[in-house]
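Chain residues, written in single-letter form:
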Amino acid sequence: QVQLVESGGGLVQAGGSLRLSCVASGSIFRINDMRWYRQAPGYQRELVASITLSGSTNYAGSVKGRFTISGDNAKNTVYLQMNSLAPEDTAVYYCYYIVQHEVGGGSFQYWGQGTQVTVSS
């Protein structure tokens, strides 16, 4: 079993910055895929950014150039640096990992608990 714990959300003015963190603990051989999703009230959960073991990154068009995803494999942690925040970025942000377990080698999906990001105008 793997647990993901998020932190870093809060209230910020438009144009401001915030950095989200997500750390995983448990039986982990490697984390093959790390992603950030977000969900605003009344909207579908959407993929914001992702990063693979190779370091390849992808971003939603709405955040490209403003957000940066990065990982610290030694600490089983993924970050989302959010700059030039706008009210449209207001949502609950969730981290998501695909974890290959140390025992058995199978891969499983895990979600963080979510952290609220609110951007005021």
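Up top is the structure these notes are about.
Since this is a predicted model, take the numbers as computed values, not measurements.

With respect to the sheet that holds strand β8 (residues 77–82)
Spatially, β1-β3-β8-β7 is the arrangement adopted by the four strands of the open sheet, whose pairing is antiparallel. The open sheet is flanked by β1 (2–7) and β7 (67–72), the only strands paired with a single partner. Averaged over all adjacent pairs, the angle separating strand axes in this sheet is 15°, with direction ignored.

Comments concerning the packing of aromatic side chains
Taken as a whole, this structure holds four aromatic pairs when the rule is applied. With centroids separated by 5.8 Å and ring planes inclined at 75°, the aromatic side chains of Tyr37 and Tyr96 adopt a geometry described as edge-to-face. Taken together, the residues Tyr37 in strand β4 (residues 30–39) and Tyr96 in strand β9 (residues 91–100) connect sequence positions 59 residues apart. You can call Tyr96 buried: its relative accessible area is 6%. An angle of 55° between the planes, with centres 5.0 Å apart, marks the rings of Tyr37 and Trp111 as tilted. Placement of the pair is Tyr37 in strand β4 and Trp111 in strand β10 (residues 107–111), with a sequence separation of 74 residues. On the basis of relative accessible area, Trp111 is assigned to the partly exposed category, the value being 37%. Clustering of aromatic rings is evident, with ring pairs tying together Tyr37, Tyr94, Tyr96 and Trp111. In this structure, Arg45 is placed above the aromatic ring of Trp111, and the distance from its NZ or CZ to the ring centre is 4.8 Å.

Thresholds applied
Residues numbered from 1 in each chain as written. Predicted model: local features only at pLDDT ≥ 70, side-chain atom pairs only at ≥ 80, totals over all residues. Heavy atoms only, no water. Pairing = 2+ DSSP bridges. Helix = DSSP H or I, 4+ residues; strand = E, 2+ residues; numbered from the N terminus. Axes fitted to C-alpha atoms, helices over the stretch in contact; angles between N-to-C directions. Phe/Tyr/Trp six-rings, centres within 6.5 Å; stacked < 30°, edge-to-face > 60°. Buried < 20%, exposed > 50% of the residue type's maximum accessible area, 1.4 Å probe, protein only. Lys NZ or Arg CZ within 6 Å of the ring centre and 35° of its normal.

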